[in-house]
Amino acid sequence: MHPSISLFPNTEFYGRQIFDAPNVKETGFRRRFLKGNMFGSCSFINIAYGKEEFGEQQSFNNTVEAAVVADIVGSLFKEINGTRTKTSIGIISPYQAQVHAIQEKIGKFISDSDSALSASVGTVDGFQGGEEDLIIISTVRSDERGLVGFFSNLQRANVALTRARYCLWIFGNQATLVKSSSIWKKIVNDAKERKCFYNAEEDESLDQTITDSLIELDQLDVLSKTDSPLFRNARWMACFSDDFRRSVARVRNVRIRKEVLSLLAKLSNGWRQSRNKRSLIVHNGISSPLSEQYKVSGQLNIIWTVDILQENSFYIQVLKVWDILPSSDGKWTPKSSSGQPSKSLASLCLKDESSTNAKISKFDGQYLKSER
């Protein structure tokens, strides 16, 4: 076991009474499976946007975390088969539902009998007494209350942390684990102190995987924030009004909601429709070339404008999304005099049947500068 892997369990569980063998201290014992500091001998990789779910198997799973693990396995498959160096990896999760989710996603990689990469996925109990070249731990839990369940058990944590020969990569929601005040809080803090703590979105491929998973899960509350994975690195700052948040939350068609998110992502990265397809907003007989509406799925129009924000001595272009409203002949249609929503909007509503006033009101979103 590499010394950077044994350091924490030796200190926490064995009172530093276990000594590393001379051979593991040699430079030749070290192996790097992927490029980048994130994938060193021992790393905690934070997945802040994961979403835990309790399913039919009476077990927890985290789709975003499973997708990230699958992305990692895909990269390992490519790298290891390129070198043809026999490598074994073990993927450990405390929950059977997560084990099944990961197995489904990586099946195409581990079914190749000619591959130099061998992978096994299982719960902690299934790995007791074993050792693999690389261990990936998926902690699953992503809970505001800091609940981690039976994985807080010291013996289970010890087993999971001591199965790796060369590399140990732990994936989890650091906020949940720290709030749990369990052994996992110590693990996260130890990673930070040893400077082996990373955020998954620091890796371009993992960042895209997280974004794709959140779109697939229809996580509008997470994605419609300026600092979300979808807009954090966009070319333009994106801001959303409360009217837009309320309106899009009432759209019950998941496919349309995904189209909305995809369109907004394209707009924030500079994409624009061709001039002959653009529709300018005309209000009180006045139109602005910076105020437009784009059609989504032939049923709705996204109302957006472009603004310039001065911040200190710099000027920042801002994409301001005002609302998403029913389309009528491709034009922006105000609410009827009766105050009732049009049928096209009502058919897309869940519970709240009231329509958002189509007149542009004061923008109540906040400007948040994207972190680069």
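So, a few notes on the structure that sits alongside this text. These figures come from a predicted structure and were not determined experimentally.

### Some points on the overall build of the protein
Of regular secondary structure, the protein possesses 12 helices and 14 strands. By residue count, 52% of the 372 residues in the protein fall in the buried class. Accessible surface for the protein amounts to roughly 18,600 Å². Of this, 48% is attributable to carbon and sulfur atoms.

### What about helix α7 (residues 183-193)?
What sets the pattern is the α-helix's 3.6 residues per turn: residues three or four places apart point alike. Within the sequence span of α7, burial applies to Ile183, Trp184, Ile187, Val188, Asp190 and Ala191. The buried residues of α7 occupy an angular sector of 160° when projected down its axis, which confines them to one face. Phi for Lys195, located one or two positions after α7, is positive at around 60°.

### Comments concerning the packing of helix α2 (residues 63-83) against helix α3 (residues 96-110)
Where α2 contacts α3, the axes come no closer than 9 Å and their chain directions differ by 30°. Put simply, α2 runs roughly parallel to α3. Considering how the two elements wind past one another, α2 and α3 form a crossing that is right-handed. Here Thr63, Glu65, Ala66, Ala67, Val69, Ala70, Val73, Gly74 and Phe77 of α2 come into contact with α3, specifically with Gln98, Ala101, Ile102, Lys105, Ile106 and Phe109. For the contact of α2 with α3, the residue count by class is 10 nonpolar, 3 polar and 2 charged.

### A look at the packing of aromatic side chains
Tallying each qualifying case throughout the model produces 12 aromatic pairs. Ring centres of Tyr95 and Phe150 lie 5.2 Å apart, and the angle between their planes is 55°; this geometry places the pair in the tilted category. With Tyr95 in the loop between β4 (87-92) and α3 and Phe150 in the loop between β6 (132-138) and α5 (154-161), this residue pair connects regions lying 55 residues apart in the sequence. Overall, Tyr95 belongs to the buried group, its relative accessible area being 5%. One aromatic cluster is present, formed by Phe54, Phe60, Tyr95 and Phe150 through successive ring pairs. Cation over ring: Lys266 sits above Trp271, and NZ or CZ is 4.0 Å from the ring centre. Between the NZ or CZ atom of Arg272 and the centre of the ring of Trp236, over which it lies, the distance is 4.5 Å.

### Regarding the sheet that holds strand β8 (residues 197-199)
Strand order across the open sheet formed by 6 strands is β5-β4-β6-β7-β1-β8, with parallel pairing between neighbours. Whereas interior strands pair on both sides, the edge strands pair on one side only; in this sheet they are β5 (117-122) and β8. With direction set aside, neighbouring strand axes in the sheet form an average angle of 20°. Its contacts with the sheet place α7 against β1 (42-46), β6, β7 (164-172) and β8, and it is angled at close to 90° to β8.

### Examining the packing of helix α10 (residues 242-249) against helix α11 (residues 254-268)
It is at 11 Å that the axes of α10 and α11 come closest, and there the two elements cross at 145°. Contact with α10, carried on its side by Phe244, Val248 and Ala249, involves Arg257, Val260 and Leu264 of α11 and no other residues of that element. Residue composition of the contact of α10 with α11, grouped by class: 5 nonpolar, no polar and 1 charged.

Criteria and thresholds
- Residue indices follow the written sequence of each chain, beginning from 1 at its first position.
- The predicted origin of the model limits local features to residues at a pLDDT of at least 70 and limits the giving and counting of side-chain atom pairs to 80 or more, whereas totals for whole chains, interfaces and linings rest on all residues.
- Side-chain measures were taken over the full set of non-hydrogen atoms in the model, leaving aside hydrogen atoms and water.
- Labels follow the DSSP assignment, with helices taken as runs of H or I lasting at least four residues and strands as runs of E lasting at least two, numbered in each case from the N terminus.
- Throughout, exposure labels follow a simple rule: accessible area from a 1.4 Å probe, protein chains only, divided by the maximum for the residue type, with under 20% read as buried, over 50% as exposed, and the rest as partly exposed.
- To be clear on the numbers: accessible area is Shrake-Rupley with a 1.4 Å probe, and residue cover counts the displayed protein chains and nothing else.
- When we speak of the arc, we mean the arc of directions from the helix axis to the C-beta atoms.
- Only the contacting stretch of a helix is used when fitting its axis, a line to C-alpha atoms as for every element, and angles between N-to-C directions run 0 to 180 degrees.
- Angular relationships are summarised with four words: roughly parallel below 35 degrees, roughly antiparallel beyond 145, roughly perpendicular across 65 to 115, and oblique for the angles in between.
- For any pair of crossing helices, the crossing counts as left-handed if the nearer helix is rotated counterclockwise from the farther one by less than a right angle, and right-handed if it is rotated clockwise.
- Residues count as neighbours in contact if any of their non-hydrogen atoms are within 4.5 Å of one another.
- Following the grouping adopted for this structure description, the nonpolar residues are Ala, Val, Leu, Ile, Met, Phe, Trp, Tyr, Cys and Pro, the charged ones are Asp, Glu, Lys and Arg, and the polar ones are all others, Gly among them.
- Note on aromatic contacts: the rings of Phe and Tyr and the six-membered ring of Trp form a pair at centre separations within 6.5 Å, being stacked when their planes are under 30 degrees apart, edge-to-face when over 60 apart, and tilted otherwise.
- Consider the ring centre and the ring normal. A charge sits over the ring if Lys NZ or Arg CZ is within 6 Å of that centre and within 35 degrees of that normal.
- Paired strands, as defined in this entry, are two strands with at least two bridges between them according to DSSP.

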